[in-house]
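Residue-level listing of the chains:
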Amino acid sequence: MISENDLTHSQNIPFEERIARIEKMIEAEAEPKAFELGLLLALKMGQEIREKKPLGSTTGDIVAAWSSKYPESVVEEAIAHAKQFLTNPGALAEKMKNIMLTKMNKQAENDSASGTASDEAESGK
């Protein structure tokens, strides 16, 4: 999964290279998340805008290919994420931050719970 750190780091990378990296990350996954597909779609749409191409001239083909590869719900969610990236990136960044904090907190809870179990086993309880 693409982390907040990945996104922060990618801001210092040339635009085309960012797209290539995201594509490579997605290709490496058997079932990419809608969020990741949405990020790629938003970058590709941004590329169309930068190159003064009609919106959808290349991204339409990408979405069509996804439709045969992924469930319809994932594709629709990816499109929604792409729209949010383009229209309200601040809200999306806050959402990502909350997701990452929740995952980190759950991981910390799991780590401390397994640490307690290990400590009890070592002490013979």
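All figures in this text were calculated on a predicted structure; none of them were measured in a lab.

Reading the values: the criteria
Along each chain, numbering runs from 1 in the same order as the chain's sequence is written. Where totals are concerned, whole chains, interfaces and linings use all residues; where local detail is concerned, this predicted model gives features only for residues with pLDDT of at least 70, and gives and counts side-chain atom pairs only at 80 or more. The side-chain quantities take in all heavy atoms of the structure and omit both hydrogens and water. As a per-residue quantity, pLDDT reports the predictor's confidence and falls between 0 and 100. The helix count covers DSSP runs of H or I at least four residues long, the strand count covers runs of E at least two residues long, and both are numbered beginning at the N terminus. To define axes, lines are fitted to C-alpha atoms, for helices over the stretch in contact only, and angles between the resulting N-to-C directions are given on a 0 to 180 degree scale. Orientation is classified from the angle alone, with under 35 degrees giving roughly parallel, over 145 giving roughly antiparallel, 65 to 115 giving roughly perpendicular, and any other angle giving oblique. In this analysis, two residues are considered to be in contact whenever any of their non-hydrogen atoms come within 4.5 Å of each other. Throughout, the ten residues Ala, Val, Leu, Ile, Met, Phe, Trp, Tyr, Cys and Pro are labelled nonpolar, Asp, Glu, Lys and Arg are labelled charged, and all others, Gly among them, are labelled polar. Ring pairs are drawn from Phe, Tyr and Trp, using the six-membered ring of Trp, whenever the two centres fall within 6.5 Å, and their geometry is named by plane angle: stacked under 30 degrees, edge-to-face over 60, tilted for the rest. Remark: exposure states derive from per-residue accessible area (1.4 Å probe, protein chains only) relative to the maximum for the residue type, with buried under 20%, exposed over 50%, and partly exposed in between.

(A) Representation of the confidence of the model for the chain. Residues of the chain with pLDDT of at least 70 account for 82%, and the chain-wide mean is 82. Here helix α1 (residues 4–10) is the element of the chain with the lowest mean pLDDT, 63, and helix α4 (residues 59–69) is the one with the highest, 95.

(B) Highlighting the packing of α4 against helix α5 (residues 72–87). Across the interface, α4 lies against α5 with an axial gap of 8 Å and an inter-helix angle of 150 degrees. Taken together, the axes of α4 and α5 lie roughly antiparallel to each other. On α5, the residues that touch Val63, Trp66 and Ser67 of α4 are Val75, Ala78 and Ile79. Of the residues contributing to the contact of α4 with α5, the split by class is five nonpolar, one polar and no charged.

(C) Summary view of the packing of aromatic side chains. Per the counting criterion, the structure on display carries one aromatic pair. Residues Phe35 and Phe85 carry aromatic rings whose centres are separated by 5.5 Å and whose planes lie at 45 degrees to one another, so their mutual orientation is tilted. Highlighted residues: Phe35 in helix α3 (residues 34–50) and Phe85 in helix α5, separated in sequence by 50 residues. Of the two residues examined, Phe35 and Phe85, each falls in the buried class.

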